[in-house]
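Here's the letter readout for the chains.
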Amino acid sequence: MRLTLLYGALFAVSGVALLAITFLLLRRNTIFRVRMPCVDMTEENCASRLGLPPGTPDSIGAWRAQQHHTLVHGFLTQGGIAMAIMLVVSLALGWLVAGRVLRPLRTMTTTVRHISARNVHERLAFTGPRDELKDLADTVDGLLGRLDAALDAQKRFVANAAHELRTPLTLEHALLEETLTDRRPTLEAFRATFERVLTISDQQARLLESLLTLATSERGLESRVPVDLAALTRRVLAARPETSADGPRLDPRIAPATTAGDPALVERLVANLVDNAMQYNVPGGTVEVATGSRDGQAVITVGNTGPVVPPEQVARLLEPFQRLDRTARGDGHHGLGLSIAHAIALAHNGTLTAHPRQTGGLIIQAAFPSAHHGRGVAR
C-alpha cells in the first residue's frame, strides 16, 4: 500500500508539473496562438466573414483573445480529466508493480519464518539477476550457513563436554563401588581410593574452570584496562615449577608489549600457551617464549620442539576437546588449552595463529591491538 501511494504521488506530481509546463508554453509561445482564417482580407471583410460587428477596431483582437482563452481553458479542463483518469490507472498499475516487486521478499520472509534449529540447513536459494534482492538472499543464506556451523559446533561441544564429565564420574563410581564390595577393606585401601577420587575431583574442577573461562571469553569483554603483556609473561614463567633434568628448557625473550583488555584472561592465555608447549614436548626439548610489538600489535609467540603435527590437523587443535593424540585421556588435559587461548584472543579483537614446525612442534602466535608502538619485536 505504501509503495502504491508513493507511485501514485510521484505520478500526480509529475502530471501536475507536465500540465503546468504545457500551460506556460501554450500561453507564452506564439506558435500555439490562434491563427486568423482571413489573413489577406481587409478588416471589414474579415469582420463580416467572422460575423463580428463592423467598425470596431479591436473586434478582431478581442476575438483572438477570446479564442485563445477558450483554447487554454479547454486544454486545462480536458488535461485535468485525463490526468484524473490516468491517476486511477497509475494507482492500479502501481499496486500490481508493487506486488510483483515485493513477491520475492514475501517468499524469503515465509521461508525464513519456517527455518528453526531443526532445519537451519535449508537455504533461500534465490535465483535471478544480480540485484539488491539477490544480494539480500545471498546474505541471508550466508547468515544461515554461519548459524548452522555454530549450532553444529555447539552440539559437538556439548557432546564432548558431557563425555569428558561423564568419564571421571564413572571412574569415581567404580572406585567407590570396588571399595564398598571389598569384604576385608583396610585403611590403606581406603586411603588409596580416596586419593584417587580426590585426584579425579581436582581434574573435574579444572575442567569446569576451563569451561567457565571459555564461556566468559566467547561472551566478550565488558571493560578494558591497560595490560603489560611482558610483565604477565614474566610472572607466568616465574610461577612455573622446576622441570626435571630431561624436561623441556625455557628460552624466554621478553620485550616491551602493551595492550588493553582483561589482565586475568590475558594471563590465562599466556599460561595455557606455555603449559601446552611444555606438556606436548620431547625429552630435552625447548620452549621459546617471546613478546614484543610489531606492526602496531602486541605479540606473544610460543614455540616448542614437540612431536610432528600434520598441517591439516592444526586448525582442529584450536577447537574445544581436540588433541593430537586422542587416546591420551588420563593425563588430566582435556584439549581446552588452545581453544581457550583462541577465544581469549578473539575477545580482545586479536588473533591466534598456529604453524607446525618441520622438525616437530608448533609455533603459536597471539597478537593483540597495541596500546602504543613499542620497539621490541617478537620473533
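To start, this report covers the structure provided alongside it.

What counts, and where the lines are drawn
Residues numbered from 1 in each chain as written. Predicted model: local features only at pLDDT ≥ 70, side-chain atom pairs only at ≥ 80, totals over all residues. Heavy atoms only, no water. Pairing = 2+ DSSP bridges. Helix = DSSP H or I, 4+ residues; strand = E, 2+ residues; numbered from the N terminus. Axes fitted to C-alpha atoms, helices over the stretch in contact; angles between N-to-C directions. Buried < 20%, exposed > 50% of the residue type's maximum accessible area, 1.4 Å probe, protein only. Lys, Arg positive; Asp, Glu negative; His and termini not counted. Salt bridge = Lys/Arg side-chain N within 4 Å of Asp/Glu carboxyl O. Contact = heavy atoms within 4.5 Å. 1 Å grid on protein atoms, 1.4 Å probe; cavity = no way out; pocket = protein on both sides within 12 Å on 5 of 7 lines; lining within 4 Å. Points joined across faces, edges and corners; volume = space filled by probe spheres on them. Nonpolar A, V, L, I, M, F, W, Y, C, P; charged D, E, K, R; others polar. Patch = residues over 30% accessible without salt bridge, like charges linked within 9 Å, V, L, I, M, F, W, Y side chains within 5 Å. Areas by Shrake-Rupley, 256 points an atom, 1.4 Å probe, with all protein chains shown as cover. Phe/Tyr/Trp six-rings, centres within 6.5 Å; stacked < 30°, edge-to-face > 60°. Left-handed = near helix turned anticlockwise from the far one by under 90°.

Comments concerning the sheet that holds strand β6 (residues 351–356)
In step 1: Across the sheet, which stays open at both edges, the five strands sit in the order β2-β4-β5-β7-β6 with mixed pairing between neighbours. One side of each edge strand has no neighbouring strand; the edge strands of this open sheet are β2 (249–253) and β6. When strand polarity is set aside, the average angle formed by the axes of neighbouring strands in this sheet is 15°.
In step 2: Taken together, the seven bridges between strand β5 (residues 297–304) and strand β7 (residues 362–369) define a ladder with antiparallel strand orientation.

Here we look at the side chain of E172
In step 1: Note on placement: E172 falls in helix α4 (residues 132–181).
In step 2: There is no salt bridge for the buried E172, and the closest opposite charge comes from R196, which lies 11 Å off by N-O distance.
In step 3: Beyond its immediate sequence surroundings of up to four residues, E172 is in contact with V197, I200, S201 and Q204.

Examining empty space enclosed by the protein
In step 1: With the rule as written, the count across this model stands at one cavity of 30 Å³ or more.
In step 2: Of the voids in this model, the largest cavity is the one considered here, and its volume is about 40 Å³.
In step 3: Forming the walls of the largest cavity are L273, N276, A277, V302, G303, N304, L362 and I364.
In step 4: For the lining of the largest cavity, the secondary-structure elements that each account for two or more residues are α7 (263–279), β5 and β7.
In step 5: Partitioning the lining of the largest cavity into residue classes produces five nonpolar, three polar and no charged.

What about a nonpolar patch on the surface?
In step 1: Together, M1, L5, I81, I85, M86, V89, L91, L93, W95 and L96 make up a nonpolar patch on the protein surface, roughly 1000 Å² of accessible area in all.
In step 2: Among the elements that take part in the nonpolar patch, helix α3 (residues 59–113) stands out by supplying eight residues, more than any other.
In step 3: Within the secondary structure, I85 is located in helix α3.
In step 4: Here I85 falls in the exposed class, since its relative accessible area comes to 52%.

Details of the packing of aromatic side chains
In step 1: A complete count under the given rule lists one aromatic pair for this structure.
In step 2: Judged by centre distance (6.0 Å) and plane angle (35°), the rings of F190 and F194 are tilted. Within this pair, F190 and its partner F194 are both found in helix α5 (residues 187–219), separated by four residues, close to a single helical turn.

Things to note about the packing of α7 against helix α9 (residues 337–347)
In step 1: α9 packs onto α7 with a crossing angle of 145° between their chain directions and a minimal axis gap of 9 Å. For the element pair α7 and α9, the recorded crossing hand is left-handed. For the pair α7 and α9, the contacting residues are L265, V266, R268, L269, N272, L273 and N276 in the first and G337, L338, I340, A341, I344 and A345 in the second.

Comments concerning α9
In step 1: Most of α9 sits inside the fold, with eight of its 11 residues counted as buried.
In step 2: For α9, the full list of buried residues reads L338, S339, I340, A341, A343, I344, A345 and A347.
In step 3: The positive-phi residue at the C-terminal boundary of α9 is N349, with phi of around 60°.

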